[in-house]
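A closer look at the structure
One-letter residues, chain by chain:
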Amino acid sequence: MRTKLTLWPGVGLVVSNMVGAGVFLGTGFMAQRLGPGLVLLAWVVGALLALAGARAYAEVATLVPRSGGEYRYLSELLHPALGYLAGWASLLVGFSAPVAADALAAGAFFAAIGGALDRRLVGVVLVAAITALHAAGLRLSGRVQGAFSAIAVALLVAVAVAGLALGQHAWPRWQPPVALSTGETLRAFAESLFFVAFAYSGWNAASYATEEFETPARTVPRAMLTGVAIVAVLYLALNWVFVANLTPGRAAVVFAYASRRVTLGHLVAVDLFGPAGARVMSAVVLLLLASAVSSMTFAGPRVFAAMAKDGFLPRALRGAEGRPPVGALLLQGGLAVAIAFTDRLQELLSNIGAVLTLFSALTALSLFRVRFARPDLPRPRPVSLLAAALYAALAGWMLYFGFSRPLRELGSAAAHPERLWSNLVVWLLVVAAAGLAAYGISARAARARARG
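Predicted model only: the values in this text are computed from it and were never measured.

Moving on, we come to the overall build of the protein. Along the backbone of the protein there are 19 helices and zero strands. In terms of overall dimensions, the protein is globule-like: its C-alpha atoms have a radius of gyration of 21 Å, near the 22 Å expected for 452 residues. Here the protein holds 452 residues, and the buried ones make up 55% of them. Restricting the contact set of the protein to residue pairs at least 6 apart, pairs at least 24 apart contribute 79%. For the protein, the computed accessible surface area is about 18,800 Å², with 68% contributed by carbon and sulfur atoms. Across the protein, the mean location of the 36 positive side-chain charges is 5 Å away from that of the 18 negative side-chain charges.

So, in structure tokens, the structure goes:
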């Protein structure tokens, strides 16, 4: 019998995809413009956004019980060209670039606890080792992922419990350094949700490997919803610890994260346990980053494999039934290593991260097309349609504020032409044009093969 994933490995995949350094950074950025109440509200809204998205995806997964995530869903429910674009966005922006970023960060935290190796070398070794483990077989891959997930949850619980037990309990009285008008506060709150959404990203991880689960129409939805609920509780507990124990001035240390690798968790650990707490916290973050690399290494190649099955990528990336897609794993690992050694490319790829929110919102909205224009499919349940509408509305509100600033900045491109090529809108247009052109070429090649 072929090995299949069950519920709790699926929950572990979702949890470890979501958990990373983001939860230890976002509140530090937000506290510079928002008070403690609004910071905590942003994390609550983020939890609602992820839960609504997971509920909508749960319905989509029952309609299209196949691997590939947004690539598969948009291809079958809206249009293949949209699915193709979503596939490329997922594999580059959603997986390869974040794997590279987390691997490099893990290398830096390895140095912080006394390691003497270069962070790039540590990152490359980490990517290579985890890729090899996931390529060895689905049973071992599932066990590795389960172990990383258990470690990630245990570490977050330990940090949260220590902070709640030993830290401050009174409502914080600090205020952000700069007073904002009502309109400015609304914009700051909307923009802060991008930090929160980044920390919650990965809630749809199980959808990328749907066909590798037992009874996927039942297991994948439960894995996504259970995983999001677990992470939401942990995130809210952690961020209460941060706002109750840190001021905006101290929390501003996150702006030096790229060079110093200090998080809000480090500050709280030092307060509670002294200088040794910082080294312990570095080890915690290192393990969380390794867990995130593992989960993305498991999920991402399933997009490659799904595209290869449809003829949009070489057949070698498809993989055998019941086995990990080894070719796709090696390709994603190679891309991650290349990005890790190309800082400029990594920066440019990160500029189009908002497109992932756009494609997930389109996936949620596809339920309405099924409801009103696809009589060949079962009607989505009302609760799923409500969740899809809520997710799309919140995502649209975020994207409006996220895109409006780059659009205004385009006006200064004449005076500062170097800004043009790092502008979010320009890169989205370039990527969309290149992706649609590649789709046209791939679609023609697939039709020619079918006729031949």
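Turning our eyes to something else, we now look at the packing of helix H3 (residues 36-63) against helix H8 (residues 182-200). In a pair of packed helices, the angle between the axes and the distance between the axes together describe the arrangement. Direction vectors running N to C along H3 and H8 enclose 55°, while the axes themselves pass 9 Å from each other. When the interaxial angle is binned, H3 and H8 end up oblique. The element H3 and its partner H8 pack so that their crossing is right-handed. Within the contact between the two elements, H3 uses Leu38, Leu41, Ala42, Trp43, Val45, Gly46, Ala47 and Ala50 and H8 uses Thr185, Phe189, Ser192, Leu193, Val196, Ala199 and Tyr200.

Rolled over the atoms, a probe sized like a water molecule indicates the empty space that remains. Tallying each qualifying case throughout the model produces three cavities of 30 Å³ or more. In this structure, the largest cavity encloses a volume near 50 Å³. Along the walls of the largest cavity sit Ala100, Ala103, Leu104, Arg120, Gly123, Val124, Val127, Ala336, Val337, Ala340 and Phe341, which together make up its complete lining. Taken together, the elements giving at least two residues each to the lining of the largest cavity come down to helix H5 (80-112), helix H6 (119-135) and helix H15 (326-340). When its residues are assigned to classes, the lining of the largest cavity shows nine nonpolar, one polar and one charged. Lining the second largest cavity, in full, are Thr27, Ala31, Trp174, Phe242, Val243, Leu246, Thr247, Pro248, Ala251 and Leu264.

This structure, assessed with the given rule, holds 17 aromatic pairs. An aromatic cluster of at least three residues, connected via ring pairs, comprises Tyr57, Tyr73, Trp203 and Tyr391. The ring centre of Tyr257 lies 4.6 Å from the NZ or CZ of Arg261, which sits over that ring. Arg302 extends its terminal NZ or CZ atom over the ring of Phe298, reaching a point 4.1 Å from the ring centre.

Once that is clear, we can look at the environment of Arg447. Along the chain, Arg447 falls in helix H19 (residues 424-451). When its relative accessible area of 46% is taken as the criterion, Arg447 is described as partly exposed.

Next up on the list: unusual backbone geometry. Its identity is not glycine, yet Thr215 carries a phi of approximately 40°, on the positive side. For Thr215, the location among the structural elements is in the loop between H8 and helix H9 (216-245). Residues other than glycine seldom take positive phi values, yet Arg261 does so here, at roughly 55°. Within the secondary structure, Arg261 is located in the loop between helix H11 (257-260) and helix H12 (264-273).

A separate point is the nonpolar core. Core analysis: the biggest nonpolar cluster contains 132 residues, and Trp43, Tyr200 and Tyr235 have the highest contact counts within it. Trp43 has contacts with Val23, Thr27, Met30, Val196, Ala199, Tyr200, Tyr235, Leu236 and Asn239, leaving out every residue within four places of it along the chain. Membership of the second largest hydrophobic core comes to six residues, among which are Leu85, Ala89, Val355 and Phe359.

Cut-offs used in this document
- Residues numbered from 1 in each chain as written.
- Predicted model: local features only at pLDDT ≥ 70, side-chain atom pairs only at ≥ 80, totals over all residues.
- Heavy atoms only, no water.
- Helix = DSSP H or I, 4+ residues; strand = E, 2+ residues; numbered from the N terminus.
- Rg over C-alpha atoms; globule rule 2.2 N^0.38 Å.
- Buried < 20%, exposed > 50% of the residue type's maximum accessible area, 1.4 Å probe, protein only.
- Contact = heavy atoms within 4.5 Å.
- Areas by Shrake-Rupley, 256 points an atom, 1.4 Å probe, with all protein chains shown as cover.
- Lys, Arg positive; Asp, Glu negative; His and termini not counted.
- Charge placed at Lys NZ, Arg CZ, Asp CG, Glu CD.
- Axes fitted to C-alpha atoms, helices over the stretch in contact; angles between N-to-C directions.
- Parallel < 35°, antiparallel > 145°, perpendicular 65-115°, else oblique.
- Left-handed = near helix turned anticlockwise from the far one by under 90°.
- 1 Å grid on protein atoms, 1.4 Å probe; cavity = no way out; pocket = protein on both sides within 12 Å on 5 of 7 lines; lining within 4 Å.
- Points joined across faces, edges and corners; volume = space filled by probe spheres on them.
- Nonpolar A, V, L, I, M, F, W, Y, C, P; charged D, E, K, R; others polar.
- Phe/Tyr/Trp six-rings, centres within 6.5 Å; stacked < 30°, edge-to-face > 60°.
- Lys NZ or Arg CZ within 6 Å of the ring centre and 35° of its normal.
- Core = buried A, V, L, I, M, F, W, Y, C linked by side-chain atoms within 4.5 Å.

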